[in-house]
Amino acid sequence: MEPPREHYRARSCMHGSSYQLRIAMVIMLRAFKLRREGILSDFKITLDDPEAGKFDDVVFRYSLASTPEQCAYVNIQAKHKQASDPRKMVQPINEASLLARWKSKGPFSIPKCFVSYLDGCEQS
């Protein structure tokens, strides 16, 4: 018997959150190591940060031990792709989807992400 379609949607939502959390954990472990080595003075990691605009999935704020009064930011918009039916293979992200026009609805469009990035730079 085949699981209901809603099961696939719920799994897809969890997949995105899990992917985002795994990215944050990798950053946190690396930042913790750098802090122990005396390279970082302080750091903070937030998920779905409301101050970060469209690049809000993972935000890494840190200051170096050499300049603890200055803070730097790394904003990440995590992108992932999962098949709607887990029994089927995921189609690879191709060049056309990466280079889709900036006004497109394509989730992997680099021009669209770049325009969003520039909007965020203007606001800060």
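Refer to the preceding data block for the structure.
Residues numbered from 1 in each chain as written. Predicted model: local features only at pLDDT ≥ 70, side-chain atom pairs only at ≥ 80, totals over all residues. Heavy atoms only, no water.

A. Inspection of the overall build of the chain at higher detail. Looking only at helices and strands, the chain features 3 helices and 3 strands. Mapped in sequence order, the helices and strands of the chain form the string α-β-β-β-α-α. Counting only residues that meet the buried cut, the chain has 22% of its 124 residues in that class. The contacts in the chain between residues at least 6 apart in sequence include a share of 31% that link residues at least 24 apart. For the chain, the accessible area works out to roughly 9,400 Å², and carbon and sulfur atoms hold 59% of it. (Helix = DSSP H or I, 4+ residues; strand = E, 2+ residues; numbered from the N terminus. Buried < 20%, exposed > 50% of the residue type's maximum accessible area, 1.4 Å probe, protein only. Contact = heavy atoms within 4.5 Å. Areas by Shrake-Rupley, 256 points an atom, 1.4 Å probe, with all protein chains shown as cover.)

B. Representation of the nonpolar core in the model. Formed by A24, I27, A31, L34, L40, V58 and F60, the largest nonpolar core amounts to 7 residues. For this core, the element with the most residues is helix α1 (residues 5–36), which contributes 4 residues. Not counting the four nearest positions on each side in its chain, L34 is found in contact with I39 and L40. (Core = buried A, V, L, I, M, F, W, Y, C linked by side-chain atoms within 4.5 Å.)

C. Local environment of the pattern of salt bridges. Using the criterion set out here, one finds 4 salt bridges in the structure. A salt bridge links K33 to E37; its shortest N-O distance comes to 2.7 Å. By relative accessible area, which is 39% here, K33 ends up partly exposed. Among the charged side chains, a network of salt bridges with common partners joins D49, E51 and R61. (Salt bridge = Lys/Arg side-chain N within 4 Å of Asp/Glu carboxyl O.)

D. Spotlight on unusual backbone geometry. The phi torsion at D48 lies on the positive side, around 50 degrees, for a residue other than glycine. Mapped onto the elements of the fold, D48 is located in the loop between β1 (40–47) and β2 (58–64). On the basis of relative accessible area, D48 is assigned to the partly exposed category, the value being 47%.

E. The arrangement of the pairing of β2 in detail. Among the 7 residues of β2, 5 are classified as buried, and the element is accordingly described as predominantly covered. Relative to strand β3 (residues 67–76), β2 runs antiparallel, the two sharing 6 bridges. Each residue of the ladder has a partner; that of Y62, found in β3, is A72. Where β2 folds back onto β3 in an antiparallel hairpin, the turn is made up of 2 residues. (Pairing = 2+ DSSP bridges.)

F. Quick peek at the sheet that holds β3. Here we have 3 strands laid out as an open sheet, ordered β1-β2-β3, and antiparallel in their pairing. Of all the strands in the sheet, the pair left with one neighbour each is β1 and β3. When strand polarity is set aside, the average angle formed by the axes of neighbouring strands in this sheet is 15 degrees. (Axes fitted to C-alpha atoms, helices over the stretch in contact; angles between N-to-C directions.)

Treat this as a map of the structure, not an account of what it does.
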